[in-house]
Amino acid sequence: MTEKKPDLKSMTREEVEAFAEAAGEKRYRGRQLYEWMHAHQAASFDEMKNLPEAWKRRLSETCEYTVLTPLRRQVSAEDGTKKYLFALADGHVVETVFMPYRFGNSVCVSSQVGCRMGCRFCASAIGGWERDLTPAEILEQVYAVERENGKISHVVVMGTGEPLDNYDSLVRFVRLLSDENGRHLSQRNITVSTCGLVPQIKKLAQEGLQITLALSLHAPDQKKRLELMPVANRYDIHEAVEACLAYAKDTGRRVTFEYSLIEGVNDSGEDAEQLALLLKGSGGHVNLIPVNPVAERTFRRSRRAAVEAFKNKLEKNGINVTIRREMGRDIDGACGQLRRRHISETREG
Ligand code: SAH
């Protein structure tokens, strides 16, 4: 087996400083390297003007320095959304989405190559799980998008993968992205979406982070949720909701519940009543998303009138609701679809 190279961009500042010292360099050289990586988001060692040439050469030969370059780019003519396909060092590919909003630009990053959660409506579930992303690979999706589009203000971990199934990398990613000596993005502008891995939600609540948690609910009760999301076999819907409410209490952050509306499956008036009952008094916020049709699946999105009616019913029952503005509908909107298309095309090629 080949020895794993030290992964520079996944290290904390203290770790980079200790690494520099162990390599016979001064500690402050480590700090300079860290700032080049995270405050300046250098795309190569060449940009790191104040570091000794010999050390940079040694680093480039012996260490991993993760930089992502776009393999493909799709730009929405409708709203300027850009979808990127990035190649990883081992040949895997990940999807990242840049979304321009009036209040600031946002990036949606992937946390794994593929996913093992198996949600029935999701394109990322189709090929299964390949591997976890490193903290550097998650971070670089943000940095690479910023190199092309300028500074972004919000990051959502809602791309391919289940972030809490790659827990350590996710937490390290959040700490690095928000570090005041690095990129320094406010944790309040970072949202992590989970299908509901209860033990990890409980652990996350104790990390002292200020990120927003979103729970992918997609059903008003355990029976319907089981039909859509195999994770419900492991954690009951009530358990998942309670874990999120405990997260909100421990962190002071509001929790969002995501609900993708699928025609004839979870979009009836009765479903809305049930959902309101489930979330009554929780203070949580519901985000309604008309499901994105996935080529390999038969689900259809709810009609506009059904979406509006669902929203009204929730509001009447005292639940806060927004309908997610859809972005990039003309460019393989649903997560994982660009990656799937790339994989099948390169296989055929
Ligand atoms: N694994 C995490 C994050 C990735 S998915 C999670 O489950 O939350 C981000 C969001 O998109 C989730 O709410 C997911 O359920 C939803 N989603 C997946 N496929 C979708 C589709 N075809 N249409 C609408 N939403 C979808």
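Definitions and cut-offs
Residues numbered from 1 in each chain as written. Predicted model: local features only at pLDDT ≥ 70, side-chain atom pairs only at ≥ 80, totals over all residues. Heavy atoms only, no water. Core = buried A, V, L, I, M, F, W, Y, C linked by side-chain atoms within 4.5 Å. Buried < 20%, exposed > 50% of the residue type's maximum accessible area, 1.4 Å probe, protein only. Helix = DSSP H or I, 4+ residues; strand = E, 2+ residues; numbered from the N terminus. Domains from an automatic or database assignment. Buried area = accessible area lost by both parts, 1.4 Å probe. Salt bridge = Lys/Arg side-chain N within 4 Å of Asp/Glu carboxyl O. Pairing = 2+ DSSP bridges. Near = heavy atom within 4 Å. Polar contact = N/O pair within 3.5 Å; in protein donor to acceptor, adjacent residues only side chain to side chain. Areas by Shrake-Rupley, 256 points an atom, 1.4 Å probe, with all protein chains shown as cover. Nonpolar A, V, L, I, M, F, W, Y, C, P; charged D, E, K, R; others polar. Axes fitted to C-alpha atoms, helices over the stretch in contact; angles between N-to-C directions. Phe/Tyr/Trp six-rings, centres within 6.5 Å; stacked < 30°, edge-to-face > 60°. Lys NZ or Arg CZ within 6 Å of the ring centre and 35° of its normal.

Asks: Which residues make up the nonpolar core, and what values go with them?
Replies: By size, the foremost hydrophobic cluster in this structure holds 90 residues, and its most contacted members are Leu 33, Phe 173 and Val 286. Judged by nonpolar contacts, the second largest core, of five residues, contains Val 97, Met 99, Val 156 and Met 327.

Asks: Could you give me a rundown of unusual backbone geometry, with the residues and numbers involved?
Replies: Unlike most non-glycine residues, Gln 41 shows phi in positive territory, near 50°. On the secondary structure map, Gln 41 appears in the loop between helix 2 (27-38) and helix 3 (53-62). Although it is not a glycine, His 184 sits at a positive phi angle of roughly 55°. For His 184, the location among the structural elements is in the loop between helix 5 (167-178) and strand 8 (190-194). For His 184, a relative accessible area of 48% corresponds to the partly exposed category.

Asks: Residues and numbers for the domain arrangement of the protein, please.
Replies: When the domains of the protein are assigned, the result is domain 1 (8-62) and domain 2 (70-348). Both sides of the domain 1 and domain 2 interface together cover about 1200 Å² of buried area, and 45% of this is carbon and sulfur. For the domain 1 face of the interface with domain 2, the top three residues by lost area are Lys 9, Ser 10 and Gln 41, together amounting to 50%. Applying the counting criterion to the domain 1 and domain 2 interface returns two salt bridges. One salt bridge in this structure joins Glu 140 and Lys 9, with 2.8 Å as the shortest N-O distance.

Asks: Outline the environment of Ser 268, listing residues and values.
Replies: Checked against the element boundaries, Ser 268 lands in the loop between strand 10 (255-261) and helix 9 (269-279). Judged by relative accessible area, which is 30%, Ser 268 ranks as partly exposed. It is 8.7 Å that separates the C-alpha atoms of Ser 268 and Ala 309, two residues lying 41 residues apart in sequence.

Asks: Tell me about the pairing of strand 1 (residues 70-75), and please be specific about residues and values.
Replies: Along any regular strand the residues' side chains alternate between the sheet's two faces. Two strands pair when backbone bridges link them, and strand 1 and strand 2 (residues 82-87) are joined in this way by five bridges, in the antiparallel orientation. Its bridge partner lying in strand 2, Arg 73 is registered against Tyr 84. Hairpin connection from strand 1 to strand 2: six residues lie between these consecutive antiparallel strands, with Gly 80 at a positive phi of about 80°.

Asks: Before we move on, can you summarise the site of the ligand with the specific residues and values?
Replies: By nearness alone, 17 residues border the ligand, and Gly 161, Ser 193, Ser 216, His 218 and Asn 292 come closest of all. Within the side chain of Glu 162, a nitrogen or oxygen atom sits 3.0 Å from a nitrogen atom of the ligand. Expressed as a share of its isolated accessible area of 530 Å², the protein-covered part of the ligand is 94%. Class assignment for the residues of the shell around the ligand results in seven nonpolar, eight polar and two charged.

Asks: Help me get a handle on the sheet that holds strand 12 (residues 320-323), residues and values and all.
Replies: One open sheet holds the ten strands; their spatial order is 1-2-3-4-7-8-9-10-11-12, and the pairing between them is mixed. Every interior strand has two partners, whereas the edge strands, strand 1 and strand 12, have only one. Taking each pair of neighbouring strands and ignoring which way they run, the sheet shows an average axis angle of 20°. In this sheet, strand 7 (residues 154-157) lies alongside strand 4 (residues 106-108) in parallel orientation, the contact comprising three bridges. In the strand pairing of strand 7, Ser 106 is matched with His 154.

Asks: I'd like to hear about the packing of aromatic side chains, residue by residue, with values.
Replies: According to the stated counting rule, one finds four aromatic pairs in the structure shown. On the basis of an interplanar angle of 40° and a centroid distance of 4.8 Å, the ring pair of Phe 45 and Tyr 65 is categorised as tilted. Here Tyr 65 lies in the loop between helix 3 and strand 1 and Phe 45 lies in the loop between helix 2 and helix 3, a separation of 20 residues in the sequence. For the pair Phe 45 and Tyr 65, one class covers both residues: buried. Consider the rings of Tyr 259 and Phe 310, whose centres lie 5.1 Å apart with planes at 35°: the pair is tilted. Highlighted residues: Tyr 259 in strand 10 and Phe 310 in helix 10 (residues 304-316), separated in sequence by 51 residues. Exposure class is identical for Tyr 259 and Phe 310. Each is buried. Stacked on the ring of Trp 129, the Lys or Arg Arg 116 has its end atom at 4.3 Å from the ring centre.

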